[in-house]
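Inside the fold
Take a look at the letters that make up each chain.
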Amino acid sequence: IWFLGADLQYLTPTFSLKAQVMKGKAPGQMSSSVPVWLLDLKESGYVELNYVAFGRLGFLGRAEVRRAFVALDTERAYLTREMRFVGGLRWAFSPRAILKVEYLHNREFGGLPQFKHDIFTSSLVLAF
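Presented here is an overview of the structure given in this document. The structure presented is a predicted model; accordingly, all values stated were derived computationally and were not measured. (Residues numbered from 1 in each chain as written. Predicted model: local features only at pLDDT ≥ 70, side-chain atom pairs only at ≥ 80, totals over all residues. Heavy atoms only, no water.)

Turning our attention to the side chain of Glu 82. Residue placement: Glu 82 occurs in strand 5 (residues 76–94). Salt bridges are absent for the buried Glu 82, whose nearest opposite-charge side chain, Arg 84, sits at 4.0 Å. Excluding anything up to four places from it in sequence, Glu 82 contacts Glu 64, Val 65, Arg 66, Asn 106, Arg 107, Glu 108, Phe 109 and His 117. (Helix = DSSP H or I, 4+ residues; strand = E, 2+ residues; numbered from the N terminus. Buried < 20%, exposed > 50% of the residue type's maximum accessible area, 1.4 Å probe, protein only. Lys, Arg positive; Asp, Glu negative; His and termini not counted. Salt bridge = Lys/Arg side-chain N within 4 Å of Asp/Glu carboxyl O. Contact = heavy atoms within 4.5 Å.)

According to the stated counting rule, one finds six salt bridges in the structure shown. Among the ionic pairs, Arg 84 bridges to Glu 64, the shortest N-O distance being 3.9 Å. In this pair, Arg 84 sits in strand 5 while Glu 64 sits in strand 4 (residues 57–73), placing the two residues 20 residues apart along the sequence. Its relative accessible area of 24% is what places Arg 84 among the partly exposed residues. Each of Glu 48, Arg 62, Glu 64 and Arg 84 takes part in salt bridges that share partners, so that together they form one network.

On the basis of which strands lie adjacent, the open sheet formed by seven strands has the order 1-2-3-4-5-6-7 and antiparallel pairing. A single partner strand is all that each edge strand has here, and the edge strands are strand 1 (2–11) and strand 7 (119–126). Neighbour-to-neighbour, the strand axes of the sheet open up by a mean angle of 15°, direction not taken into account. Looking at chain direction, strand 1 and strand 2 (residues 15–26) are connected through 10 bridges and run antiparallel. Counted as the bridge partner of Leu 11 is Ser 16 from strand 2. (Pairing = 2+ DSSP bridges. Axes fitted to C-alpha atoms, helices over the stretch in contact; angles between N-to-C directions.)

Attention now goes to the pairing of strand 6 (residues 97–108). Relative to strand 6, strand 5 runs antiparallel, the two sharing 12 bridges. Bridging across to strand 6, Val 86 finds its partner in Leu 104. Taken together, strand 5 and the strand that follows it, strand 6, pair antiparallel across an intervening segment of two residues. Both strand 6 and strand 7 contribute to a ladder of eight bridges, which runs antiparallel. Residue pairing for strand 7: Val 101 is matched across the bridge by Ser 122.

If you want it as structure tokens, here you go:
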């Protein structure tokens, strides 16, 4: 089992830039009590920008790339070659109440067939 990665963060009160690259392998194993998934993670990573405007309105932009093979047994195996682009907004009603909306655009690459699986999501985060 091994994983290698690097992270970068640049943070200010109104702006943040985050980036990560990662690569690794885990052999997986089948046992009667605890199955462990095999993972072959090729070079993968993301870059994310966050900006807060006007004190309450925030913007998010994120780009991700993932190349991986994941398997549990001969009947459950997944090949992932995906790019994801995310755009989002958030409105902070208070430090404890934040409304978030995001759109995720997903694209396959490397010869995998394209299919529609974009996502629009929203959430209201309440912290007590």
